[in-house]
Amino acid sequence: MTRQDGRALDELRPIKVTTDFVKFAEGSCLIQCGDTMVLCCASVEERTPPHVAEGTGWVTAEYSMLPRANRERSKRDVSKLKLSPRSAEIQRLVGRSLRAAVDMEALGERTITVDCDVLQGDGGTRTASVTGGFIALALACRKLVADGVLPRTPLRHFVTGVSAGIVGDQLMLDLQYSEDSHAQVDLNCVMNEAGEIIELQGTGEGRAFTPAEQQDLVRLCAKGNRELLEVQKKVLGGTL
């Protein structure tokens, strides 16, 4: 099967990351994965939610899509007076993924909120939010160290996310919308730099899939996540 954009079945879309895209955020980047563009901003507050244990910090995320991020205008969540179920599910995924990278005791009693706003959606917005959101988080942590607020970074490891799927019975990495919308199986995989899985979401959209197919998709995602890790390391100068 030939992909619409000419990529190999196991090839990522072109990745571009622009750091410090926003002036006021402690950490920010614009991540572009093909035609998908997500603005990620990390903000630091010197307080924590009530549920957080004394002496520890918290990392959370929020996710939204601009009205014309898609092919047709969508209503803002605020106009519906509640967060859409899709946005709520995605921001929980991003928050869990980023928290997995942080030593909360080392962060101290402060909260880092990573806002992920989709400027243009062409598939893979949640995984782009994880990959770009981690870069914004790392930049914010780096600023806390540079400002003397923290003696060392609270980050323990890198985190990346990528999608894969089965389209026309072919396994494909990093689905764009034209592929994702026709996928028989859709899988999102978040990993740390050791190649360990932080989160795995797999759905049989058009048909059920076997454990062997799931393993093949995870191996495909592992390849993509390794390549995204190299992008993150290049952007961040090789270290946290």
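The structure under discussion appears in the preceding block.
Reference entry: report on the structure contained in this document.

Reading the values: rules and limits
Residues numbered from 1 in each chain as written. Predicted model: local features only at pLDDT ≥ 70, side-chain atom pairs only at ≥ 80, totals over all residues. Heavy atoms only, no water. Helix = DSSP H or I, 4+ residues; strand = E, 2+ residues; numbered from the N terminus. Buried < 20%, exposed > 50% of the residue type's maximum accessible area, 1.4 Å probe, protein only. Contact = heavy atoms within 4.5 Å. Areas by Shrake-Rupley, 256 points an atom, 1.4 Å probe, with all protein chains shown as cover. Lys, Arg positive; Asp, Glu negative; His and termini not counted. Charge placed at Lys NZ, Arg CZ, Asp CG, Glu CD. Pairing = 2+ DSSP bridges. Expected span 1.5 Å × (residues − 1). Core = buried A, V, L, I, M, F, W, Y, C linked by side-chain atoms within 4.5 Å. Axes fitted to C-alpha atoms, helices over the stretch in contact; angles between N-to-C directions. Phe/Tyr/Trp six-rings, centres within 6.5 Å; stacked < 30°, edge-to-face > 60°. Lys NZ or Arg CZ within 6 Å of the ring centre and 35° of its normal. Parallel < 35°, antiparallel > 145°, perpendicular 65-115°, else oblique. Left-handed = near helix turned anticlockwise from the far one by under 90°. Nonpolar A, V, L, I, M, F, W, Y, C, P; charged D, E, K, R; others polar.

This next bit is on the overall build of the protein. When helices and strands are counted, the protein shows five helices and nine strands. Going from N to C terminus, the protein has its helices and strands arranged as β-β-β-β-α-α-β-α-β-β-α-β-β-α. With the C-alpha coordinates aligned to their principal axes, the bounding extent of the protein is approximately 55 × 40 × 30 Å. Scored against the burial criterion, the 240 residues of the protein give a buried share of 50%. Restricting the contact set of the protein to residue pairs at least 6 apart, pairs at least 24 apart contribute 69%. As displayed, the protein offers around 11,500 Å² of accessible surface, 50% of which is attributable to carbon and sulfur atoms. Seen as two clouds, the 29 positive and the 33 negative side-chain charges of the protein have centres 3 Å apart.

The next subject is the pairing of strand 4 (residues 58–65). It is a general feature of regular strands that their side chains alternate between the two faces of the sheet. Alternating residues of strand 4 divide into Val 59, Ala 61, Tyr 63 and Met 65, all buried, and Trp 58, Thr 60, Glu 62 and Ser 64, none buried. Two strands pair when backbone bridges link them, and strand 4 and strand 5 (residues 111–120) are joined in this way by eight bridges, in the parallel orientation. Within the sheet, the bridge partner assigned to Tyr 63 lies in strand 5 and is Cys 116.

Taking 1.5 Å as the rise per residue, helix 5 (residues 211–235) with 25 residues should run 36 Å; its terminal C-alpha atoms sit 35 Å apart, in good agreement. Those residues of helix 5 lying buried are Glu 213, Leu 217, Val 218, Leu 220, Cys 221, Ala 222, Gly 224, Asn 225, Leu 228, Leu 229 and Gln 232. The elements touched by buried residues of helix 5 are strand 1 (15–19), helix 3 (125–146), strand 6 (159–167), strand 7 (170–173), strand 8 (185–192) and strand 9 (197–204). Just past helix 5, the residue Gly 237 takes up positive phi, approximately 75 degrees.

Let's shift gears to the nonpolar core. Counting 43 residues, the largest nonpolar core has Val 59, Leu 107, Ile 112, Phe 134, Leu 137 and Leu 155 as its most contacted members. Listing elements by their share of this core, those giving two or more residues are strand 2 (27–33), strand 3 (36–45), strand 4, helix 1 (85–99), helix 2 (104–107), strand 5 and helix 3. Here this core gets eleven residues from one element, more than from any other, and that element is helix 3. The residues contacting Val 59, other than those within four sequence positions of it, are Gly 95, Leu 98, Arg 99, Val 102, Met 104, Leu 107, Ile 112 and Leu 137. Formed by 15 residues, the second largest nonpolar core is a distinct cluster that contains Ala 164, Ile 166, Leu 220 and Cys 221.

A separate point is the sheet that holds strand 8. Across the sheet, four strands lie side by side as 7-6-8-9; this open sheet has antiparallel pairing. Edge positions in the sheet fall to strand 7 and strand 9, since each has one partner strand and no second. Geometrically, the sheet is characterised by an average inter-axis angle of 15 degrees between neighbouring strands, direction not taken into account. With eight bridges joining them, strand 6 and strand 8 adopt antiparallel strand pairing. Residue pairing in the sheet places Ser 163 in a bridge with Asn 188 of strand 8. Contacts from helix 1 reach strand 6, strand 8 and strand 9, with the element oriented near 155 degrees to strand 9.

Now for the packing of aromatic side chains. Across all of its chains, the model carries one aromatic pair by this definition. When the centroid spacing of 5.5 Å and the interplanar angle of 45 degrees are considered together, the rings of Phe 134 and Phe 158 count as tilted. In this pair, Phe 134 sits in helix 3 while Phe 158 sits in the loop between helix 3 and strand 6, placing the two residues 24 residues apart along the sequence. Phe 158 shares its class with Phe 134; the two are buried. Between Lys 233 and the ring centre of Phe 158, over which it is positioned, the NZ or CZ distance is 5.7 Å.

The next thing to look at is the packing of helix 3 against helix 5. Relative orientation of the contacting elements helix 3 and helix 5 amounts to 25 degrees, with a least axis distance of 11 Å. Taken together, helix 3 and helix 5 sit at an angle that is classed as roughly parallel. In this structure, helix 3 meets helix 5 at a crossing whose hand is right-handed. Here Thr 131, Phe 134 and Ile 135 of helix 3 lie close against helix 5, whose contacting residues are Leu 228, Gln 232 and Val 235. Looking at side-chain class alone, the contact of helix 3 with helix 5 contains four nonpolar, two polar and no charged residues.

No statement about biological role is implied by the geometric values presented.
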